[in-house]
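# Overview (structure and organization)
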Amino acid sequence: PVSCGKLAGAVSAALTSLTLDNNGIFGELYSDGSVKTPDKHAAEAQPFFDAIKASGLTSLSLSGTGMGPVSCGKLAGAVSAALTSLNVSGNTLSS
């Protein structure tokens, strides 16, 4: 989560595809990769969502990232019409 600011700084308008699968960027994961505590880091990930909103991403994969309902809502507000491919599988998106 602390690195979300650094990651956000690397996301630019020139970036069209981003894959961040199988890491706990939004929540805590078990050692097998399944979601232990969804949205544990959702607040700290705000710079990432802000960067996504300003980017020109057409493809984004956030599979197995600890995303829960809060992160999913923030993501929904951050994606643009340019996004044509989104993968959020392996997350706990409902409460």
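All values reported here derive from a predicted model rather than from experimental measurement. (Residues numbered from 1 in each chain as written. Predicted model: local features only at pLDDT ≥ 70, side-chain atom pairs only at ≥ 80, totals over all residues. Heavy atoms only, no water.)

### Topic: the overall build of the protein
Per the secondary structure count, the protein includes three helices and five strands. Each helix and strand of the protein, placed in order from N terminus to C terminus, yields the pattern α-β-β-β-α-β-α-β. Out of the 95 residues in the protein, the part that is buried amounts to 36%. Put simply, 73% of the contacts in the protein that link residues at least 6 apart link residues at least 24 apart. (Helix = DSSP H or I, 4+ residues; strand = E, 2+ residues; numbered from the N terminus. Buried < 20%, exposed > 50% of the residue type's maximum accessible area, 1.4 Å probe, protein only. Contact = heavy atoms within 4.5 Å.)

### Quick word on unusual backbone geometry
Located in the positive-phi region is Asn22, a residue other than glycine, with phi close to 60°. Within the secondary structure, Asn22 is located in the loop between β1 (17-19) and β2 (28-29). Despite not being glycine, Asp39 shows a phi value in the positive range, around 65°. You can see Asp39 is positioned in the loop between β3 (35-37) and α2 (46-54).

### With respect to the sheet that holds strand β4 (residues 59-61)
Strands sit in the order β1-β4-β5 across an open sheet of three strands; the sheet is parallel. One side of each edge strand has no neighbouring strand; the edge strands of this open sheet are β1 and β5 (85-87). Pairwise comparison of adjacent strand axes, ignoring direction, gives a mean angle of 5° for this sheet. In terms of strand pairing, β1 meets β4 through three bridges, oriented parallel. Bridging across to β4, Leu18 finds its partner in Leu60. (Pairing = 2+ DSSP bridges. Axes fitted to C-alpha atoms, helices over the stretch in contact; angles between N-to-C directions.)

### Section: the environment of Ser80
Note on placement: Ser80 falls in the loop between α3 (69-76) and β5. A relative accessible area of 30% places Ser80 in the partly exposed class. C-alpha of Ser80 to C-alpha of Thr58: the two residues are 22 residues apart in sequence and 8.6 Å apart in space.

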